[in-house]
Amino acid sequence: MANYSSVSRPAYVWDAANTQWVPIGVGPHTHSVADMQNAVSNLGGSTIANTTSTTVPLTISGASGQSVDLLDFKNNAGSLLANIDANGNMAYQNVNYAGKNILINGGMEIDQRNTASSAVTVSNTLKYIVDRFFLYNATTSSPTAQKVSGTNVGTPYAFRVNGATSFTNGNIAQRIESLHIAPYAGKTVTFSGLIYGSTSISGISTYAIVPSAQDNYGTTTAITSANISLTVGTTSTKFSVTFTLPSTVSNGMEIGISCSSGIASGQYIDISNFQLEVGSAATPFSRAGGTIAGELAACQRYYQRFTNLNLSGISFANGYAYSTSGASFQLPLRTTMRTTPSGNLSS
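By convention here, each chain's residues receive numbers from 1 onward along its written sequence. Confidence filtering applies because this is a predicted model: local features only for residues at pLDDT of at least 70, side-chain atom pairs given and counted only at 80 or more, and all residues used for totals across whole chains, interfaces and linings. The basis for the side-chain values is all heavy atoms of the structure; hydrogens and waters are excluded.

**Student:** Just to check I follow, could you spell out the sheet that holds strand β19 (residues 237–244) for this structure?
**Tutor:** Strands in a sheet are paired, the pairing made by backbone hydrogen bonds, and the direction either parallel or antiparallel. For two strands to pair, DSSP has to find at least two bridges joining them. Strands are runs of DSSP state E lasting at least 2 residues, helices are runs of H or I lasting at least 4, and numbering of each runs from the N terminus. Pairing is antiparallel across the open sheet formed by 6 strands, whose spatial order is β10-β13-β14-β21-β16-β19. With partners counted over all chains shown, the strands left at the sheet margins are β10 (120–121) and β19, one partner each. Bridge count for strand β16 (residues 188–197) against β19 is 8 bridges, and the pairing is antiparallel. Across the sheet, threonine 190 pairs through a bridge with threonine 242, a residue of β19.

Rendered as structure tokens:
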């Protein structure tokens, strides 16, 4: 016999085996584990393990092929506060902390390349717009993209893609470094975000792919369970899709939205608050870096821009001229970068 309560706590559970309500916790008393097991016999096929030892925890085990959460914690209004999914991953709602969001710069706040100054044309190429997010255009058309105010989606900032004639196929996504995503292999994750269209736009869906070689997207394999069609129109819509990460994410992963029918000239979409997190529920958005400074540092692992370097009396690099036409300088990086970087100068 296991003692489940030592305080007065009136409650009843249904004993399915004996078809009766059983009082539990009404003052100090004991109940058999069998009573508790019967009480949860309809909990998604879950079972409670027998234990009378003080060194062994009470265990809830999912049924074979369990697909729904093992346990949900809700308030009296029915809102989810925390959950344990079918794979045993626990997630807390309304909690923001660094690292919860696997996607860097999901709020589209950091824009080192373009500083939101103008729209960038993307034709038959992949081009990064806001940090970590790119637009890929598979056609020779000329859509543009840039960081804008997030008024349409209810956030401070958004990533906007303006359509173009003959723009019939493109993706907006982030490629997650293999070292970053590999620890999540086999886990249930949820991808969520906000999307708005200047008009009703069809053919837009979520997608995820993994490369065949580490961080090399020459050939890829789709994670089909990550694909859902999105309703895009003049009302901001929050979407979410839950799926399990395969072992092949050890090579990295690309995730985002696909515009399989393109976006017509004169139309646009705004996206923001992209989040990828462990668990089967889409929780409130939080930055991968926790703070805006942390988000910038995470972005600068992949790209750094040094501007206003011609200010009088300010030193930004040390070096020497080794000839009348050449020089060598050392430029201190703001954070350690993913790999040996390349660079270029622009006016």
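**Student:** Where do I start with the packing of aromatic side chains in this structure?
**Tutor:** We describe a pair of aromatic rings using the distance from one ring centre to the other and the angle between the two ring planes. Stacked, tilted and edge-to-face are the three classes assigned to paired rings of Phe, Tyr and Trp, where Trp is represented by its six-membered ring and a pair needs centres within 6.5 Å; plane angles under 30 degrees give stacked, over 60 edge-to-face, the rest tilted. Scanning all chains against the criterion turns up 7 aromatic pairs. The interplanar angle of 75 degrees and the centroid separation of 5.5 Å between the aromatic rings of tyrosine 128 and phenylalanine 134 together place this pair among those described as edge-to-face. Type-normalised accessible area, obtained with a 1.4 Å probe on protein chains alone, sets the label of each residue: buried when under 20%, exposed when over 50%, and partly exposed for intermediate values. Looking at tyrosine 128, the relative accessible area reads 23%, which means it is partly exposed. The exposure class of phenylalanine 134 is buried, given its relative accessible area of 0%. Here the aromatic rings of phenylalanine 239 and phenylalanine 274 are separated by 5.7 Å at their centres, their planes lie at 90 degrees, and the arrangement is edge-to-face. In this pair, phenylalanine 239 is assigned in strand β19 and phenylalanine 274 in strand β21 (residues 268–278), connecting sequence segments 35 residues apart. Taken individually, phenylalanine 239 and phenylalanine 274 each receive the classification buried, so the pair is uniform in this respect.

**Student:** Just checking my understanding: could you explain the nonpolar core for this structure?
**Tutor:** General note: in soluble globular proteins, nonpolar side chains tend to be found buried as a group. Counting 43 residues, the largest nonpolar core has Phe159, Phe243, Met253, Ile257, Ile269 and Leu276 as its most contacted members. Mapped by element, the contributors of at least two residues to this core are β14 (157–162), β15 (170–176), β16, β17 (204–213), β19, β20 (253–259) and β21. Counting 6 residues, the second-largest nonpolar core is a separate cluster that includes Val148, Ala158, Leu194 and Tyr196. Only buried residues count toward a nonpolar core, which is a set of Ala, Val, Leu, Ile, Met, Phe, Trp, Tyr and Cys residues joined through side-chain atoms within 4.5 Å.

**Student:** Hey, could you run me through the pairing of β16 in this one?
**Tutor:** Successive residues of a regular strand alternate their side chains across the two faces of the sheet. Burial within β16 is extensive, with 10 of its 10 residues counted as buried. Covered by surrounding structure in β16 are Thr188, Thr190, Ser192, Leu194 and Tyr196 together with Val189, Phe191, Gly193, Ile195 and Gly197, the residues of both alternating faces. Inspection of the sheet shows β16 paired to β21 by 8 bridges, in the antiparallel sense. Bridged to phenylalanine 191 within β21 is leucine 276.

**Student:** Could you clarify how one ought to interpret the sheet that holds strand β18 (residues 216–222) in this entry?
**Tutor:** Strand order in the open sheet formed by 6 strands is β11-β12-β15-β20-β17-β18, and the pairing between neighbours is antiparallel. Of all strands in the sheet, those bounded by a partner on one side alone are β11 (126–128) and β18. Taking the axes of each pair of neighbouring strands and ignoring which way they run, one obtains an average angle of 35 degrees across the sheet. Sheet topology note: the strand β12 (residues 134–137)/β15 ladder contains 4 bridges and is antiparallel. Looking across to β15, one finds that leucine 135 is bridged to isoleucine 172. The convention used is that axes are lines fitted to C-alpha atoms, helices contributing only their stretch in contact, and that angles between N-to-C directions extend from 0 to 180 degrees.

**Student:** How should the environment of valine 68 be read in this particular structure?
**Tutor:** Following the sequence through the fold, valine 68 ends up in the loop between β6 (60–61) and β7 (71–74). Using a relative accessible area of 47% as the deciding quantity, one classes valine 68 as partly exposed. For the pair valine 68 and asparagine 87, spaced 19 residues apart in the sequence, the C-alpha separation amounts to 9.2 Å.

**Student:** I'm lost on the confidence of the model for the protein chain in this one. Help?
**Tutor:** Interpreting fine coordinate detail is not advised for predicted regions of low pLDDT. Along the chain, pLDDT gives the predictor's confidence residue by residue, from 0 to 100. Confidence along the protein chain averages 84 in pLDDT terms, with 80% of residues attaining 70 or more. The secondary-structure element of the protein chain with the lowest mean pLDDT is strand β1 (residues 2–5), recorded at 47, while β17 shows the highest, at 98. For this analysis, residues touch if any pair of their heavy atoms sits within 4.5 Å. Confidence drops under pLDDT 50 across residues 1–7; counting only partners more than four residues distant or on other chains, this segment forms 23 contacts.

**Student:** Before we go on, may I ask you to explain unusual backbone geometry in this structure?
**Tutor:** Apart from glycine, the bulk of residues carry a negative phi angle, and the bulk of peptide bonds sit in the trans form. We note that asparagine 124 has phi near 55 degrees; this positive angle belongs to a residue other than glycine. Assignment of secondary structure puts asparagine 124 in the loop between β10 and β11. Of the residues examined, asparagine 124 reaches a relative accessible area of 49% and is grouped as partly exposed. In this structure, aspartate 215 is a non-glycine residue whose phi angle is positive, near 55 degrees.

**Student:** I tried to follow the side chain of asparagine 171 on my own but got confused; where do I start?
**Tutor:** Relative to the assigned elements, asparagine 171 resides in strand β15. Here a polar contact is recorded for every N or O atom pair within 3.5 Å, except that within protein the pair must consist of a potential hydrogen donor and a potential acceptor, and residues adjacent in sequence are included only if both atoms are side-chain atoms. There is a polar contact of 3.3 Å between the side chain of asparagine 171 and the side chain of serine 258. Those residues in contact with asparagine 171, other than ones at most four positions away along the chain, are Phe134, Leu135, Tyr136, Tyr207, Glu254, Ile257, Ser258 and Cys259.

**Student:** How should I be thinking about the side chain of glutamate 277 in this particular structure?
**Tutor:** Structurally, glutamate 277 is set in strand β21. No salt bridge is formed by the buried glutamate 277. Its closest oppositely charged neighbour is lysine 100, at 4.4 Å. One polar contact links glutamate 277 to glutamine 275, side chain to side chain, over a distance of 2.9 Å. Residue contacts for glutamate 277: discarding those within four places in its chain leaves Lys100, Thr188, Val189, Thr190, Ser192, Ala282 and Thr283. When charges are tallied, Lys and Arg are placed among the positive residues and Asp and Glu among the negative ones, while His and the ends of the chain are skipped. Salt bridges, as used here, are contacts in which a Lys or Arg side-chain nitrogen is within 4 Å of a carboxyl oxygen on Asp or Glu.

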